[in-house]
Amino acid sequence: MLLREYLVDVADRYYQLHEERDSTPEEIERALAEMPSDDLAPPHGVFLLAHHAGELAGCAGVRLMDARTAELKRVYVRPAKRGLGGGAALLAAVEAAAGDLGAGRIVLDTRLDLVEARGLYARHGYREVPAFTDGPYAEVWMAKELG
């Protein structure tokens, strides 16, 4: 459910920016099929859920790319729960999970229009790095060394 909400949120922003429309249910289903999150599970990944005031509030995932590097994926806080510190809490939890997986570095790719996400990452020590993926939606690449 949260992964679907995440995809609708980012897809709607993308389509509004580029085509002045929202995503369709068919596009969301296609994206779920084309970009599965099955690898955000042990033994090489983790998918975390955030709760606030007894309600499901957000999610974030991490997966190992190699023995030292983890990739941050699917960071999402429900709109009604934004501004309450959930994004920061999810980042801290996913960074700890990446460390538990043996990673010393965490990387991510995002889009230019996801300004709030890029701001969150920058406030928490992520810095822009050269491209390490070539996905159709990757426009900014960031990394952080884990302490």
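See above for the structure.
Quick notes on the rules
Residues numbered from 1 in each chain as written. Predicted model: local features only at pLDDT ≥ 70, side-chain atom pairs only at ≥ 80, totals over all residues. Heavy atoms only, no water. Salt bridge = Lys/Arg side-chain N within 4 Å of Asp/Glu carboxyl O. Helix = DSSP H or I, 4+ residues; strand = E, 2+ residues; numbered from the N terminus. Buried < 20%, exposed > 50% of the residue type's maximum accessible area, 1.4 Å probe, protein only. Phe/Tyr/Trp six-rings, centres within 6.5 Å; stacked < 30°, edge-to-face > 60°. Lys NZ or Arg CZ within 6 Å of the ring centre and 35° of its normal.

Thoughts on the pattern of salt bridges
Argument step 1. The final tally for this structure, using the stated rule, is 14 salt bridges.
Argument step 2. A salt bridge links E27 to R21, with the shortest nitrogen-to-oxygen separation between them at 2.6 Å.
Argument step 3. Between R68 and E145 there is a salt bridge, with its nearest N and O atoms 2.6 Å apart. On the criterion of sequence distance, the pair formed by R68 in the loop between β2 (55–64) and β3 (69–77) and E145 in strand β6 (residues 140–145) is long-range, its members being 77 residues apart.
Argument step 4. With a relative accessible area of 43%, R68 lands in the partly exposed category.
Argument step 5. Looking at E145, the relative accessible area reads 47%, which means it is partly exposed.
Argument step 6. Three or more residues are tied together by salt bridges with common partners; here these are D39, R63, E71 and K73.

A look at the packing of aromatic side chains
Argument step 1. What the rule picks out here adds up to four aromatic pairs.
Argument step 2. For the ring pair Y14 and Y15, a centre distance of 5.5 Å and an interplane angle of 80° mean the geometry is edge-to-face.
Argument step 3. Here Y14 falls in the partly exposed class, since its relative accessible area comes to 23%.
Argument step 4. Judged by centre distance (5.1 Å) and plane angle (85°), the ring pair of Y14 and Y137 falls under edge-to-face. Taken together, the residues span a long stretch of sequence, with Y14 in helix α1 (residues 2–19) and Y137 in the loop between β5 (127–128) and β6 at a distance of 123 residues.
Argument step 5. Taken together, the ring pairs in this structure connect Y14, Y15 and Y137 into an aromatic cluster.
Argument step 6. R21 extends its terminal NZ or CZ atom over the ring of Y15, reaching a point 4.1 Å from the ring centre.

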